[in-house]
Amino acid sequence: ESSVCLLIFAMNWMLIQQSGVDAVAAFSVINYMIFISLMAYYGIIDAMHVLFSQNMGAGRWTRVRSFFHLATACVLALSIANTLGLQLWGTSFIGLFLQNAQGDAYRFANDYLKWVWPIFLVNGVNVLICAFLTSLEEAKAARAKIDSGALGTLVAAHGMFWLMKPDEYFETGW
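Quick caveat, the model's predicted, so the values are computed rather than measured.

Next up on the list: the overall build of the chain. A count of helices and strands for the chain gives four helices and zero strands. Element order for the chain, N to C, with α for helix and β for strand: α-α-α-α. The C-alpha radius of gyration computed for the chain amounts to 24 Å, which surpasses the reference 16 Å derived for 174 residues by more than 25%, pointing to a less compact arrangement than a globule. Based on the C-alpha atoms only, the size of the chain along its principal axes is roughly 65 × 55 × 35 Å. Each of the 174 residues in the chain was classed as buried or not, and the buried ones make up 28%. In the chain, the share of contacts with a sequence separation of at least 24, taken over all contacts with a separation of at least 6, comes to 71%. Of the roughly 12400 Å² that the chain leaves accessible, carbon and sulfur atoms contribute 66%. The average position of the 9 basic charges and that of the 11 acidic charges among the side chains of the chain differ by 15 Å.

Below you can see the structure in the form of structure tokens.
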């Protein structure tokens, strides 16, 4: 994490030296857009991560491929939608973060968006592939431990506990 800190510091320092603080504000806006798109990709991919691991560990490769194809289709559709949305309405998105549409920060952000738009196409696929490969290693390690007996006898149990609430609980004054 310290290397990321140094990289961002150096990048911000160079932007300030070359174009002033408005360039840093514009760079921040583009980063917000990248992180927002990444959150959407992670929403899809985190759900798939468990499905990948469980089915890999069980040796259900047909299901793994099906889930991978589904995740890829969802991520690509979202990537294309993000990219088209930014191409068509990028200035409107930038306007959500910057108030002055005639300012230098607004102009810089629009210029940066013209250069970084391919990131929105490939980020989701990159994260999906990383999650898939991570799942593969987790499944192999888990399967090896189970097969070796290192975890002992595996037992699954399900329980449920119910209590009845008194009638006074439901009598509210609002």
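Before going further, it helps to spend a moment on the packing of aromatic side chains. Per the stated rule, a full pass over the model turns up five aromatic pairs. Each ring, one from phenylalanine 52 and one from phenylalanine 132, has its centre 5.4 Å from the other, and the planes form 85°; the classification is edge-to-face. Remark: phenylalanine 132 occurs in helix H4 (residues 104-148) and phenylalanine 52 occurs in helix H2 (residues 21-57); sequence separation between them is 80 residues. Phenylalanine 132 shares its class with phenylalanine 52; the two are buried. Here the aromatic residues Phe52, Phe68 and Phe132 are joined through ring pairs into a cluster of three or more. The ring of phenylalanine 108 has arginine 107 lying over it, and the distance from NZ or CZ to the ring centre is 4.7 Å.

All right, on to the nonpolar core then. Ile45, Phe52, Ile94, Leu98 and Tyr112 are the most contacted members of the largest nonpolar core, which has 33 residues in total. If you list the elements that add at least two residues to this core, you get H2, helix H3 (61-97) and H4. Among the elements that make up this core, the one with the highest residue count is H2 (14 residues).

The full count for this structure, using the stated rule, is two salt bridges. Here aspartate 111 and arginine 107 are joined by a salt bridge, their closest N and O atoms 4.0 Å apart. Of this pair, aspartate 111 and arginine 107 both sit in helix H4, separated by four residues, roughly a single helical turn. On the accessibility criterion, aspartate 111 (29% relative accessible area) is partly exposed.

So, on to the confidence of the model for the chain. Per-residue confidence for the chain averages 86 on the pLDDT scale, and 95% of its residues sit at or above 70. Averaged over each element, pLDDT in the chain is lowest for H4 (84) and highest for H3 (92).

For the rest of this paragraph, the subject is the packing of helix H1 (residues 2-19) against H2. Look at H1 against H2: their axes get within 6 Å of each other, and the N-to-C directions meet at 135°. Considered as vectors, H1 and H2 are oriented oblique to each other. Where H1 approaches H2, its residues Met11, Asn12, Leu15, Ile16 and Ser19 are matched on the opposing element by Val21, Ala23, Val24 and Phe27. Of the residues that constitute the contact of H1 with H2, the class distribution is seven nonpolar, two polar and no charged.

This brings us to the side chain of threonine 83. By secondary structure assignment, the location of threonine 83 is in helix H3. Look at threonine 83 and you get buried, because its relative accessible area is 8%. Beyond its immediate chain neighbours, meaning those up to four positions away, threonine 83 contacts Trp117, Phe120 and Leu121.

Criteria and thresholds
- Residues numbered from 1 in each chain as written.
- Predicted model: local features only at pLDDT ≥ 70, side-chain atom pairs only at ≥ 80, totals over all residues.
- Heavy atoms only, no water.
- Helix = DSSP H or I, 4+ residues; strand = E, 2+ residues; numbered from the N terminus.
- Rg over C-alpha atoms; globule rule 2.2 N^0.38 Å.
- Buried < 20%, exposed > 50% of the residue type's maximum accessible area, 1.4 Å probe, protein only.
- Contact = heavy atoms within 4.5 Å.
- Areas by Shrake-Rupley, 256 points an atom, 1.4 Å probe, with all protein chains shown as cover.
- Lys, Arg positive; Asp, Glu negative; His and termini not counted.
- Charge placed at Lys NZ, Arg CZ, Asp CG, Glu CD.
- Phe/Tyr/Trp six-rings, centres within 6.5 Å; stacked < 30°, edge-to-face > 60°.
- Lys NZ or Arg CZ within 6 Å of the ring centre and 35° of its normal.
- Core = buried A, V, L, I, M, F, W, Y, C linked by side-chain atoms within 4.5 Å.
- Salt bridge = Lys/Arg side-chain N within 4 Å of Asp/Glu carboxyl O.
- pLDDT = per-residue confidence, 0-100.
- Axes fitted to C-alpha atoms, helices over the stretch in contact; angles between N-to-C directions.
- Parallel < 35°, antiparallel > 145°, perpendicular 65-115°, else oblique.
- Nonpolar A, V, L, I, M, F, W, Y, C, P; charged D, E, K, R; others polar.

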